[in-house]
Structure formats: structure tokens, C-alpha cells
Amino acid sequence: MSSDTTSVTRRGVLVGGGVCAAAAAVPAAEVQAATPQPAPATMKVGMTVNSAKRELDLDPRTTLLDALREHLHLNGTKKGCDHGQCGACTVIVDGRRINSCLTLAVMHEGDAVTTIEGLGQPGKLHPMQAAFVKHDGYQCGYCTPGQICSAVAVLDEIRAGVPSHATADLNVRPRATNDEMRERMSGNICRCGAYSNILDAMTEVAGRRV
Ligand code: FES
Ligand code: FES
């Protein structure tokens, strides 16, 4: 057998292979386009949001954060990391603060959700909102809705005697000290570094309520 008929060049393999791949890919794409894609299944979920009953029909993969922002248009709750690391998405569910990016909306059937819009409104601010304004507890404001929801829940936790990581082993009733509030607020990140002013706002409200 001569070398003329058996020689295979690298260029020949690459060109030939490319043609084959292209020939195979075109029909596959056409088949995919022609195949009707099933609509994503949805689930109904009912919850009370800021004291109003809401019914939603959602893709079950929808997070509570996206349900609030994209479906109920409550854009006060912010999406920062979408990974449970920044606290920007904090809302209050049945009295407890949670990261709404880490939970699916369909898990909250029947729950009561409070967002920053439900705490207070211009002209009728929640005491914590008013204290944030008074003490400059924000700069850009992106973290602020989550900070305020968290701060409100933190003072409720302290008043209810819920231990934090710092006080769990001490068997003492928690108090609204600076250390205690800083510890409990540690999941809410502020890139602008407004922490000391946030603490001042919380201290003022704690002095009135705790
Ligand atoms: Fe939820 Fe950052 S957006 S923790
Ligand atoms: Fe800007 Fe907190 S005020 S991130």
C-alpha cells in the first residue's frame, strides 16, 4: 500500500472532523427548535405580606426574595449576594428574620411576611426607620432595608430572651449591649461601613423599648 493512499494529515483530520460536527449539529438544533418545550410547572402559594393576603402562582424554584421583588413588586428588599452572605434580603417571617434569598416562596404557605414597606412608610416611619434617619445609619442605602428589618427583629429577640451565640453558654438573660447587638447584626454587611451609626440607632430604640 502506497504512502499516498494511507497518509493522513493533521489538517485533514481537523477539517474533516469539523465538517462532520457541523453536519451533526445542524439537524440537532433544528430538532430541538421544533420540539415543543413544556411550560414550567407552577404552584400556588398564599401568604400574608405586610398584612395583606397575597396569592401567587409560581415556579416552585422561585425564592421568597424573587417572589417579593419580581412578582409582588416590593423592591425595598434588596438582592446583594443571592447566597445568604450579605443580609441585604432580610425580611421578617412570622416574627423571625430570615435571608429571603435562601428560602423558596412555596415553603411559606400561610406565613406572615413583613418587608421594609410593611414596617413603615414616609410620614409614618417605624421607630427604627426614624432612628436610622436621625443617626445617619446609612450612606448608599443598599443594605439599609435588610439592616432595619434585622435590627427590629434583633431587639425583639433580646426582649424575648432569645440567646445569641455570644450568650448561649452564659445562662444569662441577653441585654441590648453594644456587643450583643453587634453580634446579632453580624450577618448584615454594610459596604459603606455605617456600623457605628446603625448601632447608635438601635441603642436609641432599645432604650425606649427594651
Ligand atoms: Fe440574601 Fe445576600 S442577597 S444574603
Ligand atoms: Fe451602603 Fe450599607 S449604606 S452598603
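A. View of the overall build of the protein. In terms of helices and strands, the protein carries eight helices and five strands. What you see in the protein, going N to C, is helices and strands ordered as α-α-β-β-α-β-β-β-α-α-α-α-α. Out of the 210 residues in the protein, the part that is buried amounts to 36%. Within the protein, residue pairs in contact and separated by at least 24 positions form 54% of the contacts whose partners lie at least 6 positions apart.

B. Representation of helix α5 (residues 127-134) within the structure. Along α5, the residues classified as buried are Met128, Gln129, Ala131 and Phe132. Along the long axis of α5, the arc covered by the buried residues comes to 160 degrees, so they all point the same way. Immediately downstream of α5, the backbone of Asp136 shows phi near 50 degrees, a positive value.

Here is what the cut-offs are and how they apply
Residues numbered from 1 in each chain as written. Chains lettered and ligands numbered in written order. Predicted model: local features only at pLDDT ≥ 70, side-chain atom pairs only at ≥ 80, totals over all residues. Heavy atoms only, no water. Helix = DSSP H or I, 4+ residues; strand = E, 2+ residues; numbered from the N terminus. Buried < 20%, exposed > 50% of the residue type's maximum accessible area, 1.4 Å probe, protein only. Contact = heavy atoms within 4.5 Å. Arc of directions from axis to C-beta.

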